[in-house]
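Spelled out, the chains give:
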Amino acid sequence: MTLPPEIKKFVDAFSELPGIGPRQATRLAFRLTHDHTQHIEQLAAAMEGLRDIVLCETCFFPYSSSVGHCPLCTDPARDQSLFMIVEKETDLIAIERAGAFHGRYCVIGSLEKSGVLDAEHERRLATLQNTITATAPDGKAREIIIAFSPTTAGDINAGRVAQRLRPYAQTISRIGRGIPTGGEIEFADDETLAEALGRRSTS
Ligand SMILES: [Zn+2]
């Protein structure tokens with residue numbers, strides 16, 4: 001049996017998204033067809049709203065263009081000499097939720113197991129270096145915390161990133177202790193994250 005082309009198109013588009021496989025996308029499509037008016041309109045409006053999100057060119061976390069500026073980068077209460085590098089936006093959300101970090105961020109983007117930093121990673125690191133030089137007192141961060149998950153990709157890339165940033169910080173540290181090996185920061189609970197942050201190791 002072949003799927004109606006509209007459903008096939010929906011499944012193809014949604015299967016591309018992280019965490020959604022073809023089977024889940026198919027189930028979602030059929031579920032949405034049960035109630036044309038309400039759910040489809042809500043979903044379409046929510047997706048349309050994502051167009052108003054822009055990427056901060058300083059920390060690379062998305063913000064609403066209706067706000068006009070990145071709330072993280074423009075918050076004067078945040079420590080301007082303390083920086084944290086995370087892999088994904090969802091890692092930043094988890095760290096913020098844990099409430100144990102009040103410095104500035106850099107979202108570097110998905111890391112490869114090969115440990116190779118691509119052009120986009122390099123661009124974001126260069127931006128971080130410029131931000132530190134321009135805004136941190138004495139042009140050097142007091143500390144840069146590398147908050148990569150303790151996965152193969154996280155471990156390999158943490159070393160490279162630390163090496164690259166050494167001239168820009170008095171201390172480079174890594175969180176991860178307390179988070180199970182292979183575990184992901186975005187799925188760690190607040191207490192574990194706060195503990196991992198408190199027990200970070202310097203490299
Ligand atoms: Zn920002």
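Residues numbered from 1 in each chain as written. Predicted model: local features only at pLDDT ≥ 70, side-chain atom pairs only at ≥ 80, totals over all residues. Heavy atoms only, no water.

Looking at the coordination of the zinc ion
- Around the zinc ion, the protein supplies Cys56 (SG), Cys59 (SG), Cys70 (SG) and Cys73 (SG) as donor atoms, at distances of 2.3 to 2.4 Å.
- Coordination at the zinc ion is tetrahedral, judged from the four donor atoms that bind it and the angles of 106 to 114° they form at the metal.
- In terms of primary sequence, the donors binding the zinc ion are separated according to C-x2-C-x10-C-x2-C. Remark: Cys73 occurs in the loop between β2 (62-64) and β3 (82-86) and Cys59 occurs in the loop between β1 (53-55) and β2; sequence separation between them is 14 residues. (Donors = N, O, S within 2.8 Å, 3.2 Å for Na, K, Ca; no water. Tetrahedral: all angles 85-135°; square planar, octahedral: opposite > 155°, others 65-115°. Helix = DSSP H or I, 4+ residues; strand = E, 2+ residues; numbered from the N terminus.)

Observations concerning the side chain of Gln129
- Tracing the sequence through the fold places Gln129 in helix α5 (residues 119-135).
- Residue class for Gln129 comes out buried when judged on its relative accessible area of 14%. (Buried < 20%, exposed > 50% of the residue type's maximum accessible area, 1.4 Å probe, protein only.)

Side note on the sheet that holds strand β4 (residues 104-107)
- Ordered by their spatial adjacency, five strands build an open sheet running β4-β3-β5-β6-β7, and the pairing between neighbours is mixed. Each edge of the open sheet is held by one strand with a lone partner, namely β4 and β7 (201-202).
- Pairing of strand β5 (residues 141-147) with strand β6 (residues 169-174), which is carried by five bridges, proceeds in the parallel orientation. Across the sheet, the residue bridging to Ala141 is Ala169, located in β6.
- Against the sheet, α5 touches β3, β4 and β5, its axis set at about 170° to β3. (Pairing = 2+ DSSP bridges. Contact = heavy atoms within 4.5 Å. Axes fitted to C-alpha atoms, helices over the stretch in contact; angles between N-to-C directions.)

Some thoughts on the domain arrangement of the protein chain
- The domain architecture assigned to the protein chain consists of domain 1 (5-51) and domain 2 (82-202).
- A C-alpha centroid distance of 34 Å is found between domain 1 and domain 2. (Domains from an automatic or database assignment.)

What about the packing of aromatic side chains?
- If you walk through the whole model with that rule in mind, you get two aromatic pairs.
- Their ring planes at 20° and their centres at 4.2 Å tell us that Phe10 and Phe14 sit as a pair that is stacked. Linking Phe10 with Phe14, this pair stays in helix α1 (residues 5-15), spanning four residues, or about one helical turn. The exposure classification of Phe10 matches that of Phe14, with both residues buried. (Phe/Tyr/Trp six-rings, centres within 6.5 Å; stacked < 30°, edge-to-face > 60°.)

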